[in-house]
Amino acid sequence: MKQCRKCSVYVDDDLTNCPLCGALAHEETSPTIYEYPTVDLKKQRKLFLKISLFISIFTVILVAAINIAVNHKISWSLHVLFAFAIIWICIGRPIIKRFSVRKHLTWNFLGVIALLFYINAWVNKLADPWAFTLGAPIAVLTWQTVLEILTLAHKGGRGNYQISLTKLFAFSAICIGISFIWLKTCGWGWYVCTARGFIDVLTLSFFAKDSYFGELKRRLHV
Amino acid sequence: MKKAMFDKEWFKLDNAAKIYPAARSSRWNAVFRMSVVLKEEVDPELLQQALDDVIDRFPTYRMTLKKGFFWYYFQFLDHKPKIEKETDYPCKMMRLTGRDYVFRVLYHSHRIAVEVFHSITDGTGNITFLKTLVMRYCELCGAHIENVGDILHYDDDPTPEEVEDSFSRFIDKSKGTLPRKEPAAYQIKGQRERRGILNVTQGRMPFEQLHSVAKSYGCTVNTYLTAALAYALLKRQLYEKRSKKKPIRVQVPINLRKIFGSETLRNFAGYYNTNLTPEEKTFEEVVKELDAQLKEKITPDYCQKFINSNVALEKNPIIKVAPRFLKTFFMNLSFYLVGENLMSCTFSNIGNVVTPKEMYDYIDRFEFVLGPQKYMNNSMTCASYNGVSVVTFSRTSQDPILERDFFKILTEHGIEVTVNSNRR
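Residues numbered from 1 in each chain as written. Chains lettered and ligands numbered in written order. Predicted model: local features only at pLDDT ≥ 70, side-chain atom pairs only at ≥ 80, totals over all residues. Heavy atoms only, no water.

## Looking at the overall build of chain B
For chain B, the helix and strand inventory stands at twelve helices and 15 strands. Over its C-alpha trace chain B gives a radius of gyration of 21 Å, about what one expects of a compact globule, namely 22 Å for 424 residues. Seen along its three principal axes, the alpha-carbon backbone of chain B occupies a region of about 60 × 55 × 40 Å. Residue burial in chain B is summarised as follows: out of 424 residues, 60% are buried. A fraction of 76% describes how many contacts in chain B between residues 6 or more apart in sequence connect residues 24 or more apart. Charge-centre separation for chain B: the mean point of 62 positive side chains lies 9 Å from the mean point of 52 negative side chains. (Helix = DSSP H or I, 4+ residues; strand = E, 2+ residues; numbered from the N terminus. Rg over C-alpha atoms; globule rule 2.2 N^0.38 Å. Buried < 20%, exposed > 50% of the residue type's maximum accessible area, 1.4 Å probe, protein only. Contact = heavy atoms within 4.5 Å. Lys, Arg positive; Asp, Glu negative; His and termini not counted. Charge placed at Lys NZ, Arg CZ, Asp CG, Glu CD.)

So, in structure tokens, the structure goes:
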């Protein structure tokens, strides 16, 4: 057994220095078992991620600087900023955080809706909000279709997909309300989404009663 | 399948468990580890078999954490957990994906470690799980254990008392609640390590020496170690010569099972923050002061008020109906305001671990490691087994200031300390 003369403690044989003060431990013997695994520090660094993030930020700043230099205001460089933001939030983050398929889909569709709103705002400053009245309902209808297919196909995580369908039903119904408040009228898009959501919920209530209500109970803590 | 006896495939989180998923951050998610160091190298195949045998005995371990609309909840997982080879720092962040287990069984060389997310259980619950797992492992290695003592046998059925939320059971509103106003405490600051790095320093010492020194100061081993820690913190603050001195508070967990007679394997622990004013004191004075606090303040009445305070918050009708994301925000805020800022360091002592005598041939020692804290840099634990006490410091800062000061106090008192660390 080695001893640190400075701290007066004994030091395990697999260490060469005292872990408290860093001084060399004396009376060295042959090393025994390593008590802890040696961790590869380089593995921790996620270098690729850091480089990607750096390139993204650098590109955005560069493009903004060129835009300001040429046009004396930030105009078209906003597109680059928005594109990078969408890529990081809706594609990069779900991959890095290893989201489930369902969560991937959620973020992808939210990205599509955000993109529609951005284009709409850029083209006519939402004077004619087609992104809300037409674009978003079409995206939601597609989303519903994908979730319906996954609910039928995916046996293990069926409960999660069922709840996602219910959330979309609630979201569509809320959008009808928003439409009336904002536009004083509501187009056919949100009605179709809500009706389809209602049919989904009704179907689940009849054909997957136990699993659907079981999942709902858990989520609502009742 | 043993889960059938509970008639449902999910559990609500107990009262203490609710804060952990809400307050988690990218650096911290309340993971702690209990491990056992064997005399022989671990056989992974036997360990996997032991885990397969044991897991159904502990229904709350066979769960994953899911997000509900109002609260998080535990849901039963169909697949069995797999053991993993330890390749990283202790108490690595637990990924709460809703698909994976919220505990892991790791092995490396002679060590079997169980790391759990605090929402599942507390120290007492986890040591019960580890003891059952290791006993089964020893049996598979050829040990013939006649009297299992207080260890839960893997073949028995879990009881409803083991999975109950004891906080809700033992609430008594007539006893009142605890005042929560406390000023911020002194904490050792230092350059933080990179995310994911946890420096662990262990000091092993003969329990007899520790016991006799504690006896010479007229206190228990637990009080002695608490006092040594508080004294090290006090000396450090006085050495730093700060203009505004803060009190030294060591947080000591209380096992409420003993006081209320609960058998739950879920969270049922309270805590008490010892308080030391920041002025020059001798070690004897510190021991005397803390001994008085631990004896006089930790009473059944205090514990009852602690439970009432915690449960009252959960049962508040406004909090009850608030959606989860709002609760998360406010719980995070309250964790910052009344959480770690009010204490200088945590000291958790699981005491003397007892196993059947046949297991002494297989086990060298038990260890207990607290994971990284959210705001604090240091925490300390102690576990004793077969005459050896292991004091473990876990640290997210670079310099081992606190452990150096602490072990210096112990060696000055004549205790022979053997240190080890994962930092080389």
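## A look at unusual backbone geometry
At K125(A), a residue that is not glycine, the phi angle is positive and equals roughly 50°. Locating K125(A) in the fold gives a position in the loop between α3 (101–124) and α4 (130–153). We classify K125(A) as exposed; its relative accessible area is 74%. Phi is positive for C91(B), which is not a glycine, with a value near 55°. Note on placement: C91(B) falls in the loop between β5 (84–85) and β6 (103–108). Here C91(B) falls in the buried class, since its relative accessible area comes to 5%.

## Digging into the interface of chain B and chain A
With 43 residues of chain B in contact, the opposing surface of chain A contributes 35 residues. Taken together, both faces of the contact between chain B and chain A bury some 3,600 Å²; the carbon and sulfur share is 52%. At the surface where chain B touches chain A, the tally comes to one salt bridge. We note a salt bridge from D12(A) to R204(B), for which the minimum N-O separation is 2.8 Å. (Buried area = accessible area lost by both parts, 1.4 Å probe. Salt bridge = Lys/Arg side-chain N within 4 Å of Asp/Glu carboxyl O.)

## Some remarks on the sheet that holds strand β7 (residues 111–117) of chain B
Residue and element names in this part refer to chain B. Within the open sheet, the five strands sit side by side as β5-β6-β7-β2-β12. Their pairing is mixed. If you trace the sheet from one side to the other, it starts and ends with β5 and β12 (363–370), each paired once. Sheet topology note: the β5/β6 ladder contains two bridges and is parallel. Note that in β6 the partner of K85 across the bridge is Y107. Helix α2 (residues 44–54) rests against β6 and β7 of the sheet, and its axis sits at about 160° to β6. Lying on the sheet, helix α3 (residues 123–141) is in contact with β2 (31–38), β6, β7 and β12; it crosses β2 at an angle near 30°. (Pairing = 2+ DSSP bridges. Axes fitted to C-alpha atoms, helices over the stretch in contact; angles between N-to-C directions.)

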